[in-house]
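What follows is the residue order along each chain.
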Amino acid sequence: MFGGINTKKESDSQHDFSIGKVWINITAQAVPLTIAQLVQLLYNIVDRIYIGHLPEVGSLALTGVGITFPITTLILAFANLFGTGGAPLFSIERGAKNEEKAKEIMGNVFTMILISSLIIMIFCYVLRVPMLYLFGASDETIIYAESYIHIYIFGVLFSMIVTGMNGFISSLGYPRIAMWTTIIGAVLNLILDPIFIFGFSMGVQGAALATVISQCVSAIWVMHFLIAGEANIKLKKSYMKLKFQTVTSVLGLGVSGFMQQATNCLVQIVCNVTLQTYGGDLYVGIMTIINSVREMATLPVTGISSGGQPVIGYNYGAEKPDRVKEGIRFMAITGIVYTAFMWLAIELFPTAFIRIFSNDAQTIELGAEALQIYFMGFVFMSLQFMGQSTFVGLGKAKRAVFFSILRKVIIVIPLTIFLPMFMGLGTNGVFIAEPVSNLVGGLACFITMYVTLYRKL
């Protein structure tokens, strides 16, 4: 038993992904992971919901918290650099029965997380105010942005442990334990948020403090399981000494996950600055809401892709190409069907999604129109997810990195800067950039994966 949760192996197929139906293996991984990611998302979403409904200052406070997104996204980028680089390699080595190498990968990833979290915390704390102004803060919103981030920064280590190490629990075949990692923290956050924000009248500072405490508890859960849990591969000090070949392998594969989040960070900065220029604080706040809706809408797709990665990676290591292809097909079909449904729901009921975060009439009216534009062609985003997940799961890091850069840096950012200048598009030009990038980048990524990988397996 671990913390009251039974971690006993329920079936061989949970841990040996080369047996049983592939779609069942992926679903068994994806469902708990999706629930876990949903709960993880609640860390930030619940903060925004409470903050957006603060009396009198809700809109400005929500905009201020939105200004901090590039910093929190950058922290997530580094966690993904190690986590999404280490976990797929860990799965491949497990599939090939190289347990010593798997232990070395997990130990080295943990060491890299410890070192980088300290550097990031110091850097972000010292430069937080000029960074926030650079990211689009105004004199009216800087007070809320700084109040939130200067507390949030002290939870960097906890956040990176949860994001970077929880994937190893899933790769070991314990997706429900990985799910509980985020459930425990998010439930605690749900409880603490209203207490700190309203009960103690701490406002945005209360939201940040609740998040840090919750992430700390989740990090303790992860470390306790990896060190003292029932998994046959444990985190041990003897494997934490950095090995050059292991570090470069992890970074080489993890750079895709890093680039995905780092380019998200860059896009957020460009969007905030451009919207501040053409629409002011109101539109920066609307983009905060749209980003929140996007995070919720993409959750099942990321769950499917995250659940599929260890399965196709394991079978790739076990030299079972037919099972790899079956896994890719399942991820693609389910992703396309879901995103098509979600696209329709948002186009039909945009105001319902905006009202979750604000009851300001102007924000609801303008935000609903922006949301509909932003989500046009949402189905093509699933193609990007599935293509990149396959590249990462099979260890093809360079291709995954290229398509991360293509969609965000080469397509989205230039369009975000230049479209508002043409034909009087203004703020609408910022929102149009997203569907265009989904169409071009998604198709390019998926077709390349199909031609260069799927057909050759």
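Note that the structure is a prediction, hence the values are computed from the model and not measured.

Of note in this structure, Ser201 is not a glycine but carries a positive phi near 55°. With respect to the secondary-structure elements, Ser201 resides in the loop between helix 8 (175-199) and helix 9 (204-228). Its identity as a non-glycine residue notwithstanding, Glu319 has a phi of 60°, on the positive side. Here Glu319 shows up in the loop between helix 12 (299-317) and helix 13 (321-348). What makes Glu319 exposed here is its relative accessible area of 71%.

To continue, consider the packing of helix 11 (residues 281-297) against helix 18 (residues 427-452). Relative orientation of the contacting elements helix 11 and helix 18 amounts to 20°, with a least axis distance of 11 Å. The angle between helix 11 and helix 18 places the two elements in the roughly parallel class. Remark: the crossing between helix 11 and helix 18 carries right-handed chirality. Contacts from Tyr283, Ile286, Met287 and Ile290 in helix 11 reach Thr427, Val430 and Phe431 in helix 18.

Relative to the helices and strands, Ser147 is located in helix 6 (residues 142-152). Look at Ser147 and you get buried, because its relative accessible area is 14%. Along the chain, Ser147 and Met202 lie 55 residues apart, while their C-alpha atoms are 9.8 Å from each other. Residues in contact with Ser147, not counting those within four places in the same chain, are Val204 and Gln205. At a separation of 2.6 Å, a polar atom in the side chain of Ser147 contacts the main-chain carbonyl oxygen of Ile143.

This part takes up helix 6. Owing to its 3.6 residues per turn, the α-helix brings residues three or four apart onto one side. When you tally the buried positions in helix 6, you get 10 out of 11 residues, the bulk of the element. Every buried residue of helix 6 is listed here: Ile142, Tyr144, Ala145, Glu146, Ser147, Tyr148, Ile149, His150, Ile151 and Tyr152.

Quick notes on the rules
Residues numbered from 1 in each chain as written. Predicted model: local features only at pLDDT ≥ 70, side-chain atom pairs only at ≥ 80, totals over all residues. Heavy atoms only, no water. Helix = DSSP H or I, 4+ residues; strand = E, 2+ residues; numbered from the N terminus. Buried < 20%, exposed > 50% of the residue type's maximum accessible area, 1.4 Å probe, protein only. Axes fitted to C-alpha atoms, helices over the stretch in contact; angles between N-to-C directions. Parallel < 35°, antiparallel > 145°, perpendicular 65-115°, else oblique. Left-handed = near helix turned anticlockwise from the far one by under 90°. Contact = heavy atoms within 4.5 Å. Polar contact = N/O pair within 3.5 Å; in protein donor to acceptor, adjacent residues only side chain to side chain.

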